[in-house]
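The chain contents come next:
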Amino acid sequence: SPPPHHDIYSIEDLKQLIHDLKNSNPDARIHVKLVAEVGVGTVAAGVSKSKADVVLISGHDGGTGASPLTSLKHAGGPWELGLAETQQTLLMNGLRDRIVVQADGQLKTGRDVIVAALLGAEEFGFATAPLVVSGCVMMRVCHLDTCPVGVATQNKELRSRYSGKAEFVVNFFEYIAQEVREYLAQLGFRSIEDAVGRVDCLNVDRAVNHWKAEGLDLTPILHVPTSPWEQDRFCSKSQEHGLEKALDQELIKQAEPALKDGSPIKFSVPVSNVNRTVGTLLGHHVTKNFGGQGLPDDTITIEMAGSAGNSFGAFVPKGITFQLLGDANDYLGKGLSGGRITLRPPNNSAPSFIPEDNVIAGNVILYGATSGQTFIRGIVGERFCVRNSGATAVVEGVGDHACEYMTGGTVVILGPTGRNFGAGMSGGVAFIYDPDDNFHRNLNNEMVDLESSLEEGDANLLRDVIRQHHEETDSGVAATILDHWHQQVRNFKKVMPKDYRRVLDAISTAEEQGQDVEEAVMAAAKG
């Protein structure tokens, strides 16, 4: 709060993320939250062109209890200013009727809703007020697990103090709705839609004529722009996401037996870099039909050849296996959710081609993966396994910032690494093949320790993973290591998060002494 999205560094990245999310659930609306500030209208126009369904203009007065005071006090501007700029920019560019505009930031009354509607919003976000209605006393310790009224805590004793009821929130919103109806009646409107964008109904004379506001010009906020496009002032049409043209439609058709009753199936299709987010829509149907547990491993096995586009295999659930012969762009396996992806060079590669010396995939691979396996024969770009929280991955070289903010899973790197490895890593483990003993120069050791020798359990796990990597990709590096295992295992280093080690030790001690494991983990997590 604010969250660092390491898969978004441009409007094109944002557009790709929107497309990924829409593929993962075509029935869901994709929201993009923007902070109200100068220029937010231009960004909102980009968001609309990127096919988002909703854009949220968030005012500076809001903020969760976990927000830093610097963000609460100094980030963003009033939602009124951001909302006015957004409405005007969308109208001028003929984009207003294709996207829903939402506003939030300490909305508390029906009057706030009406003002927001007149400035261009058609949906309204309430957070702090309903929380207070539910019993929140604004201690702003939501992230410390010490909420005294039990609203935001996992502590059983504190949760017992929670006194809120659903009826309280319902009652609050009924009063809001009643006040909104009264204001709409006064203005002569039958619905919120009628009021959206009607800035001419805002009477600002009393405020502007006040002596404290002498010289204030609100004309830019109340301006109604002219546009060459005929459009509504509110969202009246849906975005064209183009999902009907996706390669996944062919995959879904061929995988119909598996989607129907879980029958194993295997087939091959070509792929090119115009095919973005391959497999995600198929994964949506698997999850929709069989739930979060997915299907047994390798139920749907798809062999592909070519250069895959962005987000190949994003959010793929358990039961789907992709075997790609070729190369891939950015975001390979983003949000992997139990599936398996193998990537290796084409079989017809030149005899002089050495996979472990060549880049085979782009940046931000396995971003936010939660489970599953990925085996890559070759080198990949930057930010490998950022925010990985449970997947197993093997690769033969990575760029800068690998395993950043990783919270779980197992990563094996059989080649060189870039700088700043393991920054913010708080969980999971990484095994680095380091025969030249220079990996320590690239390690960010603020939150992790580097262990030079492996325990027997770690060595057995590592050997099994490398053996599977060899079986899946026919890796020469893996073959060499396995052929001389008792010598090569000494060349591996283990990256172990300090907090993770402390929690594992606490679990072991609690089990030995017969203590409550959950309490021991919570105590260890708090340091």
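Scroll up to find the structure.
Everything quoted here is computed from the prediction, not taken from an experiment.

### Some thoughts on the pattern of salt bridges
This structure, assessed with the given rule, holds 19 salt bridges. For the salt bridge of Glu122 with Arg96, the shortest nitrogen-to-oxygen distance reads 2.4 Å. With Glu122 in the loop between α5 (110-119) and β4 (123-125) and Arg96 in the loop between α4 (79-92) and β3 (100-104), this residue pair connects regions lying 26 residues apart in the sequence. Judged by relative accessible area, which is 0%, Arg96 ranks as buried. Here Arg340 and Asp298 are joined by a salt bridge, their closest N and O atoms 2.9 Å apart. You can see Arg340 sitting in strand β8 (residues 337-344) and its partner Asp298 sitting in the loop between α13 (280-290) and β6 (300-308), a full 42 residues away along the chain. With relative accessibility at 12%, the residue Arg340 sits in the buried group.

### Notes on the side chain of Asp434
Along the chain, Asp434 falls in the loop between β12 (427-433) and β13 (448-451). In contact with Asp434, not counting residues within four places along its chain, are Phe439, Asn491 and Lys493.

### Re the environment of Tyr405
You can see Tyr405 is positioned in the loop between β10 (389-395) and β11 (407-413). In this structure Tyr405 comes out as partly exposed when scored by relative accessible area, which is 31%. Each C-alpha atom, one on Tyr405 and one on Met425, is 4.4 Å from the other, the two residues being 20 residues apart in sequence. Not counting chain neighbours up to four residues away, the residues in contact with Tyr405 comprise His6, Arg387, Ala423, Gly424 and Met425.

### Some details on helix α15 (residues 476-483)
Taken as a whole, α15 has its buried residues at Val477, Ala478, Ala479, Ile481 and Leu482. The N-capping residue of α15, defined by a side-chain oxygen 3.3 Å from the backbone nitrogen of Val477, is Ser475.

### Re the state of the cysteines
The tally for this structure, following the rule as stated, stands at 0 disulfides. Cys385 carries a free sulfur, and the closest cysteine sulfur to it, the one in Cys403, is 5.4 Å from it.

### Focus on a negative patch on the surface
Residues Glu193, Asp194, Glu230 and Asp232 make up a contiguous surface patch of negative charge. Along the polypeptide, Asp232 turns up in the loop between α10 (205-208) and α11 (248-254). Since its relative accessible area comes to 32%, Asp232 is described here as partly exposed.

### So, the environment of Asp7
Looking at where Asp7 falls in the secondary structure, it is placed in the segment before α1 (11-24). Judged by relative accessible area, Asp7 falls into the buried class, the value being 2%. Taking the C-alpha atoms as reference, Asp7 lies 25 Å from Met496; in sequence the two are 489 residues apart. Leave out the neighbours within four places in its chain, and Asp7 touches Asp13, Leu17, Tyr331, Lys334, Val364 and Tyr367.

### Structural notes on the sheet that holds strand β2 (residues 54-58)
The parallel open sheet is built from 4 strands, whose spatial order is β1-β2-β3-β4. With partners counted over all chains shown, the strands left at the sheet margins are β1 (31-35) and β4, one partner each. Neighbour to neighbour, the strand axes of the sheet diverge by 25 degrees on average, direction disregarded. Across 5 bridges, the pairing between β1 and β2 is parallel. Within β2, the residue paired with Lys33 across the bridge is Leu56. Lying over the sheet, helix α2 (residues 40-49) contacts β1 and β2, oriented at roughly 170 degrees with respect to β1.

### Here we look at the pairing of strand β7 (residues 320-328)
As paired elements, β6 and β7 share 9 bridges and run parallel to each other. Bridge pairing in β7 places Ala308 opposite Ala328. Two elements, β7 and β8, share 5 bridges in a ladder whose sense is parallel. Of the residues in β8, the one forming a bridge with Thr321 is Arg340.

### Some points on unusual backbone geometry
Positioned with a positive phi, Ser311 is a non-glycine residue whose angle comes to about 60 degrees. For Ser311, a relative accessible area of 0% corresponds to the buried category. Non-glycine residue Arg383 carries a positive phi angle of around 55 degrees. Structurally, the position occupied by Arg383 is in the loop between β9 (371-376) and β10.

### A look at the packing of α5 against helix α8 (residues 166-187)
Interaxial distance between α5 and α8 falls to 8 Å at its minimum, and their mutual angle equals 50 degrees. Put simply, α5 runs oblique to α8. Considering how the two elements wind past one another, α5 and α8 form a crossing that is right-handed. Residues Gly110, Arg111, Val113, Ile114 and Leu118 of α5 lie in contact with α8, whose contacting residues are Ile176, Glu179, Val180, Tyr183, Leu184 and Leu187. In the contact of α5 with α8, the residues fall into 8 nonpolar, 1 polar and 2 charged.

Reading the values: rules and limits
Residues numbered from 1 in each chain as written. Predicted model: local features only at pLDDT ≥ 70, side-chain atom pairs only at ≥ 80, totals over all residues. Heavy atoms only, no water. Salt bridge = Lys/Arg side-chain N within 4 Å of Asp/Glu carboxyl O. Helix = DSSP H or I, 4+ residues; strand = E, 2+ residues; numbered from the N terminus. Buried < 20%, exposed > 50% of the residue type's maximum accessible area, 1.4 Å probe, protein only. Contact = heavy atoms within 4.5 Å. Polar contact = N/O pair within 3.5 Å; in protein donor to acceptor, adjacent residues only side chain to side chain. Disulfide = S-S within 2.5 Å. Patch = residues over 30% accessible without salt bridge, like charges linked within 9 Å, V, L, I, M, F, W, Y side chains within 5 Å. Areas by Shrake-Rupley, 256 points an atom, 1.4 Å probe, with all protein chains shown as cover. Lys, Arg positive; Asp, Glu negative; His and termini not counted. Charge placed at Lys NZ, Arg CZ, Asp CG, Glu CD. Pairing = 2+ DSSP bridges. Axes fitted to C-alpha atoms, helices over the stretch in contact; angles between N-to-C directions. Parallel < 35°, antiparallel > 145°, perpendicular 65-115°, else oblique. Left-handed = near helix turned anticlockwise from the far one by under 90°. Nonpolar A, V, L, I, M, F, W, Y, C, P; charged D, E, K, R; others polar.

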